[in-house]
Amino acid sequence: NAPVWSPDGTRIAFVSDRDGDFEIYVIGTDGSNPTRLTTSSTQDSGPMWSPDGSRIAFSSDRDGTSKIYVMSADGSNQIRLSGSPFSDSLPAWSPDGSRIAFTSDQDGAFSIWTMRADGSDPLRISTSTALDLEPAWSR
């Protein structure tokens, strides 16, 4: 579920419930060395590699509602980035790694937002009352 190639093409991050709940794993492109990166008792999803391959952004509802987190590519240093009481999900790194776009319902409708890669400076990008999901950056 949700496979994403690492920038160097040697690993794939994906979501699986093979251990009972949805967690993030990394595996070699030849199927070798599957490694579980998250261990929460709730759903972790939407892994996205940073452009340099050193970090992975993801969504998790471990704090009660979906939030954006980032971790080192080996699963260490898991840090919550988004701080609103609303649902934040579907992270996407900017090409230079300085910002993360995501979907949030902070204003009553799902919109596209961005924040700095440290979680600061959240900005709403889309202003439609329609359902705006799955942000992607152009290269």
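Refer to the structure printed above.
Residues numbered from 1 in each chain as written. Predicted model: local features only at pLDDT ≥ 70, side-chain atom pairs only at ≥ 80, totals over all residues. Heavy atoms only, no water.

Participant: Lay out the pairing of strand β6 (residues 55-60) in plain terms, naming residues and giving numbers.
Facilitator: Most of β6 is tucked away: five of the six residues are buried. Bridging between strand β5 (residues 44-49) and β6 involves four bridges; their strand directions are antiparallel. Its bridge partner being in β6, aspartate 44 is matched across the sheet by serine 60. Once β5 ends, the chain turns through five residues before running back antiparallel as β6, passing glycine 53 with a positive phi of about 75°. In the sheet, β6 pairs with strand β7 (residues 67-72) via six bridges, with the strands oriented antiparallel. Counted as the bridge partner of arginine 55 is serine 72 from β7. Joining the antiparallel neighbours β6 and β7 is a turn of six residues, in which glycine 64 adopts a positive phi near 105°. (Buried < 20%, exposed > 50% of the residue type's maximum accessible area, 1.4 Å probe, protein only. Helix = DSSP H or I, 4+ residues; strand = E, 2+ residues; numbered from the N terminus. Pairing = 2+ DSSP bridges.)

Participant: Could you give an account of the layout of surface pockets, naming the residues involved and the relevant values?
Facilitator: What the largest pocket holds in volume is close to 380 Å³. At the level of elements, β1 (4-5), β5 and β9 (88-93) are the ones that each hand at least two residues to the lining of the largest pocket. Of the residues that constitute the lining of the largest pocket, the class distribution is 16 nonpolar, three polar and two charged. (1 Å grid on protein atoms, 1.4 Å probe; cavity = no way out; pocket = protein on both sides within 12 Å on 5 of 7 lines; lining within 4 Å. Points joined across faces, edges and corners; volume = space filled by probe spheres on them. Nonpolar A, V, L, I, M, F, W, Y, C, P; charged D, E, K, R; others polar.)

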